[in-house]
Amino acid sequence: MRPTFFARSFGIFVFACSISIFSLRAQDIVLETLGVSSGQAVYLTYVAMGTVVDAYNANAYDTTTATQMLTNYMNMSEAAANQYKKLIEANLLTEEDQSYVVQLSEIYQLLYAEASAFKSYIEGADETYLTIYDARRNEAWTRITGLLGVSRN
């Protein structure tokens, strides 16, 4: 006995729904993984830039090494911020995910400004840049801890 049109249609519908549910679940896992990775990346970038500054201040890094490392962090921070902006403009995310990505982009802009200010200080020894560096660093830390829900201490 051959399945009726209804039975075949229902079978196709159930199969299509199971693929959609699987796809949504897979998409959730991908987004959650990227969220965790991006949070860790912004946290580690903040810590690493602070380490460069500490090493420079302790004379463990010379001017060339410190400025090159800060330039690398600036380039990576700028690339990340720009990529997050593209993702925001594509309007592919839920409102909650969109908010998270906006915050990441803004934090990377702060990290860029932080590194740029200290690099300017190293290159010109103008203490005004230390004030800018401290302000950007403190704001970045406030934003990172707020985003990730980690302790400020």
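Scroll up for the structure.
Let me sum up the structure you'll find in this document. Please read these numbers as outputs of a predicted model, since none were measured by experiment.

On a plain count of helices and strands, the chain comes out with four helices and zero strands. Along the chain, from the amino end to the carboxyl end, the secondary structure elements read α-α-α-α. Burial statistics for the chain: of 153 residues in total, 30% are counted as buried. Accessible surface computed for the chain: about 9,900 Å², of which carbon and sulfur atoms make up 58%.

Next up on the list: a nonpolar patch on the surface. A surface patch of nonpolar side chains, about 290 Å² in accessible area, is lined by Tyr43, Leu44, Val47 and Val150. You can see leucine 44 is positioned in helix α1 (residues 5-57).

With that settled, the discussion passes to helix α4 (residues 128-148). Helical periodicity: at 3.6 residues per turn, an α-helix aligns residues three or four positions apart in one direction. For α4, built from 21 residues, the straight-helix expectation of 30 Å at 1.5 Å per residue is met to within 8% by its first-to-last C-alpha distance of 30 Å. Here α4 has its buried residues at Tyr133, Arg137, Ala140, Trp141, Ile144, Thr145 and Leu147. Down the axis, α4 shows its buried residues gathered within 155° of arc, on one side only. Relative to its buried face, α4 has exposed residues pointing more than 90 degrees away, namely Thr131 and Gly146. Directly beyond the C-terminal end of α4, a positive phi value near 70° is found at glycine 149.

This part is about the environment of aspartate 97. Summarising the element assignment, aspartate 97 is placed in helix α3 (residues 95-124). Considering only alpha carbons, one finds aspartate 97 and glutamate 32, 65 residues apart in sequence, at a separation of 9.6 Å.

Turning next to the packing of α3 against α4. Put simply, α3 and α4 touch, their axes get as near as 8 Å, and they point 155° apart. With respect to α4, the axis of α3 lies roughly antiparallel. As α3 packs across α4, the resulting crossing turns out to be left-handed. Class assignment of the residues belonging to the contact of α3 with α4 gives a composition of 17 nonpolar, two polar and six charged.

Quick notes on the rules
- Residues numbered from 1 in each chain as written.
- Predicted model: local features only at pLDDT ≥ 70, side-chain atom pairs only at ≥ 80, totals over all residues.
- Heavy atoms only, no water.
- Helix = DSSP H or I, 4+ residues; strand = E, 2+ residues; numbered from the N terminus.
- Buried < 20%, exposed > 50% of the residue type's maximum accessible area, 1.4 Å probe, protein only.
- Areas by Shrake-Rupley, 256 points an atom, 1.4 Å probe, with all protein chains shown as cover.
- Patch = residues over 30% accessible without salt bridge, like charges linked within 9 Å, V, L, I, M, F, W, Y side chains within 5 Å.
- Salt bridge = Lys/Arg side-chain N within 4 Å of Asp/Glu carboxyl O.
- Expected span 1.5 Å × (residues − 1).
- Arc of directions from axis to C-beta.
- Axes fitted to C-alpha atoms, helices over the stretch in contact; angles between N-to-C directions.
- Parallel < 35°, antiparallel > 145°, perpendicular 65-115°, else oblique.
- Left-handed = near helix turned anticlockwise from the far one by under 90°.
- Nonpolar A, V, L, I, M, F, W, Y, C, P; charged D, E, K, R; others polar.

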